[in-house]
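# Results of the structural survey
Residues per chain, in single letters:
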Amino acid sequence: GGLFDFSNWHQLAKAYKLAGDLLVENSIKNDLGYELICPIIFNYRHATELFLKSTLKMSDEELKKKIGHNLVKAANIFETKVKDEFGEELPDWFMNVVQAFDDFDRNGETFRYGKLQVKEEMLVDLTHLRDKMAWLAEMFDRVV
């Protein structure tokens, strides 16, 4: 009971996105980007996964079999849905966000368990990432 429905994946996705936003705000304010990068990206990636899954009319079992935690598979199904139901194409920035998460965290475990095996230093613009996630959330608010 209560005010929050944990079974509503869209609402839960918004909560994970908000957590990412708050971590970004705190990391910028307190110069903690290095320490908070994994939780930030995990929250945003998980929000993206839940946003996508919230739009797909599949049972939990179907989602596990067809998609698992693979964002590209979910995005491709979502893309077909958007074309069929709205006659629209997804913007390039959307697929770029999905692809970036997939490149570093295909199974949703990299930033959760610290399994990132990168040989080169990477730069993540947290403000830019937060802005892209705002666009993504706004897009899903229109679709749901």
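Our structure is the block above this text.
Residues numbered from 1 in each chain as written. Predicted model: local features only at pLDDT ≥ 70, side-chain atom pairs only at ≥ 80, totals over all residues. Heavy atoms only, no water.

## Some remarks on the packing of helix H2 (residues 33–55) against helix H4 (residues 71–86)
Defined as follows: Here an axis means a line fitted to C-alpha atoms, over the contact stretch when the element is a helix, while the angle between two N-to-C directions is reported on a 0 to 180 degree scale. Going along the chain from the N terminus, every DSSP run of H or I of four or more residues is numbered as a helix, and every run of E of two or more is numbered as a strand. Should an angle lie under 35 degrees it is considered roughly parallel, over 145 roughly antiparallel, and from 65 to 115 roughly perpendicular; all remaining angles are considered oblique. Left-handed describes a crossing in which the near helix is turned anticlockwise from the far one by less than a right angle; the clockwise case is right-handed. When checking whether two residues touch, look at their non-hydrogen atoms; a contact exists if any pair is within 4.5 Å. Residue polarity is assigned by list, with Asp, Glu, Lys and Arg as charged and Ala, Val, Leu, Ile, Met, Phe, Trp, Tyr, Cys and Pro as nonpolar; anything else, Gly included, falls into the polar class.
As a packed pair, H2 and H4 sit with axes 9 Å apart at the nearest point and diverge in direction by 40 degrees. As summarised for this structure, H2 and H4 are arranged oblique, according to the angle between their axes. Seen from above, H2 lies across H4 with left-handed handedness. Across from Arg45, Thr48, Glu49, Leu52 and Thr55 in H2, the residues of H4 making contact are Leu71, Ala74, Ala75, Phe78 and Lys81. When the residues that make up the contact of H2 with H4 are grouped by side-chain class, the tally is five nonpolar, two polar and three charged.

## Brief notes about helix H5 (residues 92–104)
Note the following rule: Expected helix span is taken as 1.5 Å per residue step, with the number of steps being one fewer than the number of residues. Residue exposure (1.4 Å probe, protein chains only): buried if accessible area is under 20% of the type maximum, exposed if over 50%, otherwise partly exposed.
Its 13 residues give H5 an end-to-end C-alpha distance of 19 Å, which sits within 8% of 18 Å, the value for a rise of 1.5 Å per residue. Looking only at H5, the buried set comprises Trp93, Phe94, Val97, Val98, Phe101 and Asp102. Close packing links the buried residues of H5 with H2, H4 and helix H7 (126–143).

## Observations regarding H7
To keep things clear, this is the line we draw: What the arc covers is the set of directions going from the helix axis to the C-beta atoms. We call two N or O atoms a polar contact when they sit within 3.5 Å, provided that within protein one can donate a hydrogen and the other can accept it, with sequence-adjacent residues counted only if both atoms are side-chain atoms.
Spanning 18 residues, H7 covers 26 Å between terminal C-alpha atoms, matching the ideal 26 Å at 1.5 Å per step. Among the residues making up H7, those that are buried are Leu126, Leu129, Lys132, Met133, Leu136, Ala137, Met139 and Phe140. For H7, the angular spread of the buried residues around the axis is 160 degrees, confining them to a single face. Two or three places before Thr127, at the start of H7, stands the capping residue Asp125, its side-chain oxygen 3.2 Å from that residue's backbone nitrogen.

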